[in-house]
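Residue strings, one per chain:
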Amino acid sequence: MSTELERLTARLRAFAEARDWEQFHTPKNLAMALAGEVGELVAEFQWLTPAESASLDPATLDRVRSELGDVTAYLVRLADVLGIDLVEAAGAKLDENERRYDPGRYRGSARKAPPLSS
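If you're wondering where the values come from, they're calculated on a predicted model, not measured in any experiment.

Bringing the environment of V87 into the picture now. Along the polypeptide, V87 turns up in helix α5 (residues 86–100). Taking the C-alpha atoms as reference, V87 lies 15 Å from A73; in sequence the two are 14 residues apart.

Overall, the coordinates contain 2 aromatic pairs when judged by the stated rule. With a centroid separation of 5.5 Å and 75 degrees between ring planes, the pair formed by F15 and W21 is classed as edge-to-face. Residue class for W21 comes out partly exposed when judged on its relative accessible area of 36%. Ring geometry for Y101 against Y106: centres 5.1 Å apart, planes inclined by 75 degrees, an arrangement best described as edge-to-face. Assessed through its relative accessible area of 27%, Y101 is described here as partly exposed. Overall, the relative accessible area of 8% leaves Y106 in the buried class. Taking NZ or CZ as reference, R19 lies 3.6 Å from the ring centre of F15, over its face.

All right, on to helix α1 (residues 3–18) then. Over its 16 residues, α1 runs 22 Å from end to end, which matches the ideal 22 Å to within 8%, given 1.5 Å per residue. On the buried face of α1, the contacting elements are α4 (58–82) and α5. After α1 finishes, the residue D20 shows a positive phi value of roughly 55 degrees.

A word on the environment of P115. Inspection of the secondary structure puts P115 in the segment after α6 (103–106). Sequence-wise, P115 and T49 are 66 residues apart; in three dimensions their C-alpha atoms are separated by 32 Å.

The topology assignment puts H25 in the loop between α1 and α2 (27–45). Of note is the side chain of H25, whose polar atom sits 2.8 Å from the side chain of R77.

What follows deals with the layout of surface pockets. Considered as a void within the structure, the largest pocket measures approximately 230 Å³ in volume. If you go around the largest pocket, you meet 13 residues; those closest to its centre are L12, F15, H25, A73 and Y74. Residue composition of the lining of the largest pocket, grouped by class: 8 nonpolar, 2 polar and 3 charged.

Side chains of F15, W21 and F24 sit close together on the surface and give an oily, nonpolar patch of about 310 Å² of accessible area. Turning to its location among the elements, W21 is positioned in the loop between α1 and α2.

You will see that D20, though not glycine, has its phi angle at about 55 degrees, which is positive. Note on placement: D20 falls in the loop between α1 and α2.

What counts, and where the lines are drawn
Residues numbered from 1 in each chain as written. Predicted model: local features only at pLDDT ≥ 70, side-chain atom pairs only at ≥ 80, totals over all residues. Heavy atoms only, no water. Helix = DSSP H or I, 4+ residues; strand = E, 2+ residues; numbered from the N terminus. Phe/Tyr/Trp six-rings, centres within 6.5 Å; stacked < 30°, edge-to-face > 60°. Buried < 20%, exposed > 50% of the residue type's maximum accessible area, 1.4 Å probe, protein only. Lys NZ or Arg CZ within 6 Å of the ring centre and 35° of its normal. Expected span 1.5 Å × (residues − 1). Contact = heavy atoms within 4.5 Å. Polar contact = N/O pair within 3.5 Å; in protein donor to acceptor, adjacent residues only side chain to side chain. 1 Å grid on protein atoms, 1.4 Å probe; cavity = no way out; pocket = protein on both sides within 12 Å on 5 of 7 lines; lining within 4 Å. Points joined across faces, edges and corners; volume = space filled by probe spheres on them. Nonpolar A, V, L, I, M, F, W, Y, C, P; charged D, E, K, R; others polar. Patch = residues over 30% accessible without salt bridge, like charges linked within 9 Å, V, L, I, M, F, W, Y side chains within 5 Å. Areas by Shrake-Rupley, 256 points an atom, 1.4 Å probe, with all protein chains shown as cover. Salt bridge = Lys/Arg side-chain N within 4 Å of Asp/Glu carboxyl O.

In structure tokens:
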């Protein structure tokens, strides 16, 4: 895990411990809170055109930044509670997608690849 991510993980863990919130930080509760925060992030983009979404006004950008902070905090906390290294998990997923989505076949295409065969 990266040093910055380790520091954030430790800070979030200490934040929960100082408030005796570990009892509420079950995987189910954290996943549900994460989904709620993702919904709040999505709401910021809901009625924007693709062009508008790529050029946010300062107030909207501040709200998006705040929601991304919430999403990140819950994701990192969930991974910590489950003992999952997020950097390793993302790297493994990218490795899988590199095998599934050959650049020669999928360049410029949004189509979904079939599952990898074992």
